[in-house]
Amino acid sequence: MDPNREQQFRLKALEEYKILDTLPEKMYDDIVTIASHICNMPIVLLSLVDDKRQFFKSKVGIDIAETPVEYAVCYHAILSQEELFEVPDLREDDRFKNNPLVTGGPKMVSYFGVSLKNSDGISFGTLCVISQDNPRSISDDQKLILKKLANQVIHLLELRKQNFELKRYQEEAAYYSSQMEDFAHTAAHDLRAPLRAVKSFLQLIELKRVDDVDEKEKKYFEFIYTNVDMMNQLIIDLLDYAKSDSKIDEKEVIDLNVFIAQIFNSLVEHHHLSSSMLHLKQMPTIHYSKLALHMIFYNLIDNSLKYRNQERVLELKISYKSDLFHYYFEVEDNGIGISAEYYDIIFKPFKRLHAKSEFVGSGLGLASVKKITQKLGGTISVKSTLGKGTKFTITIPKE
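What you see is a predicted model, and the numbers here were worked out from it, not measured in a lab.

Each helix and strand in the protein was counted, giving nine helices and 13 strands. For 399 residues, the compact-globule estimate of 2.2 N^0.38 gives 21 Å, and the protein exceeds it by more than 25% at 34 Å. For the protein, the spread of C-alpha atoms along the principal axes amounts to about 110 × 45 × 40 Å. Looking at the protein residue by residue over its 399 residues, the buried ones come to 43%. Within the protein, counting contacts between residues at least 6 apart in sequence, those at least 24 apart form 66% of the total. Surface summary for the protein: the accessible area is close to 22,400 Å², and the carbon and sulfur share equals 53%. On the protein, the mean spot of the 51 positive side-chain charges and the mean spot of the 58 negative ones are 3 Å from each other.

Right under this line is the structure:
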């Protein structure tokens, strides 16, 4: 490979690992210590070579942290492309006999270095063992172990790179999540304003023509009002769905008995279903995200009220248990039920099993519940019998 291209690839590999000039770390120090004992060598270096120097991430037997690249035997090991670069006596090799590290302290003599290569085969450093004062050799078994230790270094560096990539991904996800919520808030405000204006002007027109409106026109007005309200609710649901990406680490003390009862009563009033019954098992007071819990219980209760059986009074049972690590909530109703083949579909955005003329809704409620539950590190599952009712089980971790 052209030396300039080789250097560019090497520098790129080192940049991806973000390892140069970092402080000592025990996991690398342990590897060089093991190499020293296994190979019975006084000097061991974990050397990383850039364009101007070799940096010792870990070392045994010397005190310096780096040397100029022209003093680096490891640089020759990298360029050689050999799996194990060996120099029995540096003092007798024309390439190294005048090297200050050979002629002076630490008086290096025999060198055995294994190249560190990334997944693209680019060498960027070595794990090497070096004798002092006198020539030494290492056995085939020691060479094999040195190679395996070098592989462990590579594994650690790859994990390091993946951790940085994961952190970057998380930061990007957090940024886009914030952007999405900002967009949703702006869109909700900008879209709901003209809807309110349309509804207000319709009411003015209807009021002005109250004595002249025939039955056909009344139906037209009702149809327009219904669709305006549906559009308004869809905007609200979209905003709630976007909120499921919001920060949920803001926690407060919540009495779930009061909290859930308030949500139920509010929704019963909204749906004009005063005969609906809530059976609420004694709930705990917990320190949790109020936003997350409100989204979960609001949408599940709302779902039960929407999909109630018209021939009987809705009965909603909400129960609770816990163990050392999790809270478990069950929300069970006696509504119309769900066929097992649709268990997965109901949690997808905008997926509906019924026409809007049968049951109102945007198809975002359960999708929002699943999204926020997963973000908490929990799960949601469903069991149902057509015509008899549905039970949702929510598992969320304790703080």
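Here the focus is the nonpolar core. Core analysis: the biggest nonpolar cluster contains 40 residues, and F297, I301 and F392 have the highest contact counts within it. Among the elements of the structure, α7 (256-271), β9 (285-289), α8 (290-306), β10 (315-322), β11 (326-333), α9 (365-376), β12 (379-385) and β13 (389-397) are those that each provide at least two residues to this core. Element by element, the count of residues in this core is highest for α8, at eight residues. Each residue touching I301, except ones within four places of it in the same chain, is listed here: I260, I263, F264, L267, L316 and I318.

Here F112 shows up in strand β5 (residues 108-117). Along the backbone, F112 and H155 are 43 residues apart, and their C-alpha atoms lie at a distance of 21 Å. Other than its neighbours up to four places away in sequence, F112 contacts M41, L84, F85, E86, L127, C128, V129, R136, S137, I138 and L146.

Time to look at unusual backbone geometry. Residue P106 is bonded to the preceding G105 through a cis peptide linkage, with omega at 10 degrees. Of note, P106 is situated in the loop between α4 (100-103) and β5. Despite not being glycine, Q81 shows a phi value in the positive range, around 60 degrees. Residue placement: Q81 occurs in the loop between α3 (73-80) and β4 (84-87). Phi angles above zero are rare outside glycine, and K107 is one such case at about 55 degrees. Structurally, K107 is set in the loop between α4 and β5.

Further remarks concern the packing of aromatic side chains. Counting across every chain of the model gives eight aromatic pairs. Ring centres 6.4 Å apart and planes at 35 degrees place the aromatic pair Y320 and Y327 in the tilted group. Residues Y320 and Y327 agree in their burial class; the two are buried. Between the aromatic rings of Y327 and F329, the centroid separation amounts to 6.4 Å while the plane-to-plane angle is 35 degrees, which identifies the pairing as tilted. Site record: aromatic cluster; members linked through ring pairs are Y288, F297, Y320, Y327 and F329. Positioned over the ring face of Y288 is K251, at 5.8 Å from the centre of the ring. Over the face of the ring belonging to Y328 we find K321, whose NZ or CZ atom lies 5.9 Å from the ring centre.

Scoring rules and cut-offs
Residues numbered from 1 in each chain as written. Predicted model: local features only at pLDDT ≥ 70, side-chain atom pairs only at ≥ 80, totals over all residues. Heavy atoms only, no water. Helix = DSSP H or I, 4+ residues; strand = E, 2+ residues; numbered from the N terminus. Rg over C-alpha atoms; globule rule 2.2 N^0.38 Å. Buried < 20%, exposed > 50% of the residue type's maximum accessible area, 1.4 Å probe, protein only. Contact = heavy atoms within 4.5 Å. Areas by Shrake-Rupley, 256 points an atom, 1.4 Å probe, with all protein chains shown as cover. Lys, Arg positive; Asp, Glu negative; His and termini not counted. Charge placed at Lys NZ, Arg CZ, Asp CG, Glu CD. Core = buried A, V, L, I, M, F, W, Y, C linked by side-chain atoms within 4.5 Å. Phe/Tyr/Trp six-rings, centres within 6.5 Å; stacked < 30°, edge-to-face > 60°. Lys NZ or Arg CZ within 6 Å of the ring centre and 35° of its normal.

Read these as geometric descriptors, not functional statements.
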